[in-house]
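Notes for the structure review
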Amino acid sequence: MSHGLLVAGTTSDAGKSVVTAGICRWLARQGVRVAPFKAQNMSLNSFVTREGAEIGRAQAMQAQAARVEPSALMNPVLLKPGGDRRSQVVLMGHPVGEMSARGYHGGRQERLLGTVLDCLDRLRAEHDVVICEGAGSPAEINLRRTDIVNMGLARAAGLPVLVVGDIDRGGVFASFFGTLALLDKADQKLVAGFLVNKFRGDVTLLDPGLDMLRDLTGRSTYGVLPFRTGLGIDEEDGLRVSLRGTVRESTPAGPVGQDVLRVAVCAVPLMSNFTDVDALAAEPGVVVRFVDRPEETADADLVIVPGTRGTVLALRWLQQRGLAGALARRAAEGRPVLGICGGFQILGEHIDDTARVESREPSADGLGLLPLRVRFVPEKTLGRPRGQALGEQVEGYEIHHGVADVQGGEAFLDGCRVGSVWGTHWHGSLESDGFRRAFLRTVAAAAGRRFVPAPDTAFAALREEQLERLGDLIEQHADTDALWRLIEEGPPPGLPFVPPGAP
């Protein structure tokens, strides 16, 4: 019996993460003990588990969908891109070094397959079902030899594969057929069928194409999921976030007070954990946008400098774009600025990276808006701190190599505040409802806005509602009986080979 499934995709961002979360929530509703799994994840959007391990935020959200505690077992390999075409390799939640893409795919990746399979076996032993998520496309034929996250994992673990395609992009039938036809015979035997994602319109118009796809491939389509706004879980790649758009596609609610509050987030290079601002975007009357020009901050009531995997690189980018000057002027005028993690370090006086942990530059002067000096060390701080700020309880998580020596100002979480400039290493602090409301009231007062935070916005409840909607999507629009048979029994026997196969 399979007791598992691999959700692959015709492309990156086809909807694998969302579908995996939806299936996890659907199964959890049935009383099934289910866990998510992604063997290898490339992401700057990460999370810290209770045992102090760093994993992709998408897997943490999928664990919430499955109603289980996130664990390093669910994402044993995390790659965090940095400069110079290199990535930090995080193994079982802890960094083990930097490596180029060529070096990783040249041998290191294959050697990690044993660790990956051990984690999957442990999850299978503890749960009834494990829903695995692939990465990119399973038909990346240049990388198949060393693959441990798509067909390499499916073949090693005997997993049936469901291929998701984003029809909103167009070309979904060609993508389904081409993905299958580029796999060798052994891999094709595991590909059970397809799932159409983000369909708009009358689904009956799609039926002739689905029939032809079945005739061409011998494989069924397990469902057609309609296009829905506001369903994205925590994305893996901040680069996919529009620099001009809002954080989410959901319809914003009107303000409770007389004014809205405008938040501008500097879209720094190698931006990490951009989901820190999602809790602000969920507040009625708060408008959040990502910006890359100083004039876009002119009408902002709050400017946020977010986390980044390249602190000095982001500092230089702010200076080159003129945003550094805009931040300095804001501070001088008493207009609110918030730095989070790398953004906090940038707002300080000096950055020492003589250990060459992140940067080619051994030292750099920061923007000097907060009284701190930062020293980068090879050991990474990973934690789930709790504390108080603005009279409210706050929880967050820390992921950083920089050690901050705060030399003045008013205490603020683990960082400091000077006037209307705040800084902290804590990610996720704005998800604490009471603290977020107190912070927004303080920002509104400093900005002279008649903004009032909604008294009943509960961010955790909104996330749970979102996961319920993902479960509904699977339950209402996928062939759940066929999906359950696939999970229990594996791919249908006798699936035909579609030529030409892998070269």
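The text that follows walks through the structure, step by step, so that each part is easy to find.

Each value, and the rule that gives it
- Residues numbered from 1 in each chain as written.
- Predicted model: local features only at pLDDT ≥ 70, side-chain atom pairs only at ≥ 80, totals over all residues.
- Heavy atoms only, no water.
- 1 Å grid on protein atoms, 1.4 Å probe; cavity = no way out; pocket = protein on both sides within 12 Å on 5 of 7 lines; lining within 4 Å.
- Points joined across faces, edges and corners; volume = space filled by probe spheres on them.
- Helix = DSSP H or I, 4+ residues; strand = E, 2+ residues; numbered from the N terminus.
- Salt bridge = Lys/Arg side-chain N within 4 Å of Asp/Glu carboxyl O.
- Buried < 20%, exposed > 50% of the residue type's maximum accessible area, 1.4 Å probe, protein only.
- Phe/Tyr/Trp six-rings, centres within 6.5 Å; stacked < 30°, edge-to-face > 60°.
- Contact = heavy atoms within 4.5 Å.
- Pairing = 2+ DSSP bridges.
- Axes fitted to C-alpha atoms, helices over the stretch in contact; angles between N-to-C directions.

**Overview of empty space enclosed by the protein**
- Summed over all chains, the structure comprises one cavity of 30 Å³ or more.
- In this structure, the largest cavity is lined by 17 residues; those nearest its centre are Thr308, Arg309, Glu358, Ile399 and His400.
- For the lining of the largest cavity, the secondary structure elements donating two or more residues are α12 (342-346), β21 (372-383) and β24 (398-406).
- Of all the elements, β24 adds the most residues to the lining of the largest cavity, at three residues.

**Quick word on the pattern of salt bridges**
- Overall, the coordinates contain 34 salt bridges when judged by the stated rule.
- Notably, a salt bridge pairs Asp472 with Arg29, separated by 2.8 Å at the nearest N-O pair. Note that Asp472 is positioned in helix α14 (residues 459-477) and Arg29 in helix α1 (residues 16-29), a separation of 443 residues in sequence.
- Residue classification places Asp472 among the partly exposed residues on the basis of a relative accessible area of 28%.
- Using a relative accessible area of 25% as the deciding quantity, one classes Arg29 as partly exposed.
- Asp166 is the partner of Arg169 in a salt bridge, and the nearest nitrogen-oxygen pair spans 3.6 Å.
- Because the salt bridges share partners, they merge into one network encompassing Arg25, Arg29, Arg67, Glu464, Glu468, Asp472 and Glu475.

**What about the packing of aromatic side chains?**
- Summed over the entire model, instances satisfying the criterion amount to five aromatic pairs.
- Considering the side-chain rings of Phe176 and Phe194, the 4.7 Å spacing of their centres and the 35° angle between planes classify their relative orientation as tilted. One end of the pair, Phe176, is in helix α6 (residues 172-181); the other, Phe194, is in strand β11 (residues 191-199), with 18 residues separating them in the sequence. Exposure class is identical for Phe176 and Phe194. Each is buried.
- Summarising the aromatic geometry, the rings of Trp422 and Phe439 are spaced 5.0 Å apart at their centres and angled 75° between planes, so their arrangement reads as edge-to-face. Note that Trp422 is positioned in strand β27 (residues 421-424) and Phe439 in helix α13 (residues 433-447), a separation of 17 residues in sequence.
- Put simply, the rings of Phe412, Trp422, Phe435 and Phe439 touch in pairs and so form one group of aromatic residues.

**Some points on the environment of Ala324**
- Within the secondary structure, Ala324 sits in helix α11 (residues 323-333).
- Here the alpha-carbon distance between Ala324 and Leu367, two residues 43 residues apart in the chain, equals 7.0 Å.
- If we ignore the near neighbours within four places in the chain, the residues touching Ala324 are Leu318, Gln319 and Leu367.

**Observations regarding the environment of Ile399**
- Tracing the sequence through the fold places Ile399 in strand β24.
- Expressed as a C-alpha distance, the spacing of Ile399 and Asn273, which sit 126 residues apart in the sequence, is 9.7 Å.
- Here Ile399 is in contact with Ser46, Phe47, Val48, Glu54, Lys80, Cys341, Lys380, Thr381, Leu382 and His427, once residues within four sequence places are set aside.

**A few points about the sheet that holds strand β3 (residues 40-42)**
- Read across the sheet, four strands follow the order β3-β6-β7-β8 without closing on themselves; strand pairing throughout is mixed. Among the strands making up the open sheet, the edge pair consists of β3 and β8 (94-100). The average undirected angle you get between the axes of adjacent strands in this sheet is 25°.
- Inspection of the sheet shows β3 paired to strand β6 (residues 77-81) by three bridges, in the parallel sense. The partner of Gln40 across the bridge, within β6, is Val77.

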